[in-house]
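Residue-level structural notes
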Amino acid sequence: MSKLERNWQYTEQYPSETDALVRARRVSLEIGIEPVSRAVSAELSALAVLSGARAICEIGTGVGVSGLSLLRHRPEAILTSIEIEPEYLREARALFSDAGIPASRARLVEGDARHVMPRLNLAAYDIVLLDAEQSQLLEYFEHALGIVRPGGAIVVPSALAHGRVPDPAARDEATQAMRDLLAVVADSDAIAPALSPVGDGLLTVVKLGA
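So, a few notes on the structure that sits alongside this text. Computed from a predicted structure; not experimentally measured.

Here the focus is the sheet that holds strand 4 (residues 125–130). With mixed pairing, 7 strands are arranged side by side in an open sheet as 3-2-1-4-5-7-6. The open sheet has two edge strands with one neighbour each: strand 3 (106–110) and strand 6 (191–196). Recorded for the sheet is a direction-independent mean angle of 15 degrees between the axes of neighbouring strands. Note: strand 1 (residues 55–59) against strand 2 (residues 78–83), 5 bridges, orientation parallel. Looking at the pairing, A55 lines up with I78 of strand 2. On the sheet, helix 5 (residues 86–98) packs against strand 2 and strand 3 and is oriented at approximately 170 degrees with respect to strand 3. Across the sheet, helix 7 (residues 137–147) touches strand 1, strand 4, strand 5 (148–157), strand 6 and strand 7 (202–207), and the angle it forms with strand 5 is around 155 degrees.

Structure below.
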């Protein structure tokens, strides 16, 4: 194992998790969802604190691992989370409830994010998390830029797609969509992007402007 691999492994094993996160992670794996890693979960929790997040939007609820992470240290924050799969939302509602998070703080919306996001208030969110169909990432990102406030962050997990993004031989639609998004954010003067290898890759984009 190389030094970089040891560093990555240590980073992934380092964070502690609440009982609610452990349960949500277990349910995710049981129903075939790959949740964000422990290290990414910790990054999301820290970002919510650093940004003073009060309004958070999430595209792709899953069963709530990311949402629980974002709310972990922000008891005053409100999460709006959009998920197209009703089965996942049923599990998420139960897990949020078990964690003591009322429905007024975790607003779970069933639907296609491409139709829901245009109805959300502009510049109203401190953090927007995009963890849904990668082939539609550019469309999600365009909407996210509208609803995140200046100084707020758009966060995209799985940004390296299990090593496919840096592999020139990988040419599937989802991988190319992620490459396209990375190219767009790298060339824009309106945002400040950062790509981290934590987990399966974590892209954080801060919207600039007053």
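Moving on, we come to helix 2 (residues 19–30). Here helix 2 contains 12 residues, and its C-alpha end-to-end distance of 17 Å stays within 8% of the 16 Å for a straight helix at 1.5 Å per residue. Taken together, the buried positions of helix 2 are occupied by A20, L21, A24, R25, V27 and S28. For helix 2, the arc enclosing every buried residue in end-on projection is 165 degrees, short of the 170-degree limit, so these residues lie on one face. Within helix 2, the exposed residues directed more than 90 degrees away from the buried face are D19, L29 and E30. Backbone geometry just after helix 2 places G32 at a positive phi near 90 degrees.

In most cases, non-glycine residues show a negative phi, while peptide bonds are predominantly trans. One non-glycine residue, A123, lies in positive phi territory at about 50 degrees. Judged by its relative accessible area of 40%, A123 falls in the partly exposed class.

Residue position: T80 is located in strand 2. What makes T80 buried here is its relative accessible area of 9%. Dropping the residues within four chain positions of it, T80 is found in contact with I56, C57, E58, R107, V109 and Y125.

Conventions adopted
- Residues numbered from 1 in each chain as written.
- Predicted model: local features only at pLDDT ≥ 70, side-chain atom pairs only at ≥ 80, totals over all residues.
- Heavy atoms only, no water.
- Pairing = 2+ DSSP bridges.
- Helix = DSSP H or I, 4+ residues; strand = E, 2+ residues; numbered from the N terminus.
- Axes fitted to C-alpha atoms, helices over the stretch in contact; angles between N-to-C directions.
- Contact = heavy atoms within 4.5 Å.
- Expected span 1.5 Å × (residues − 1).
- Buried < 20%, exposed > 50% of the residue type's maximum accessible area, 1.4 Å probe, protein only.
- Arc of directions from axis to C-beta.

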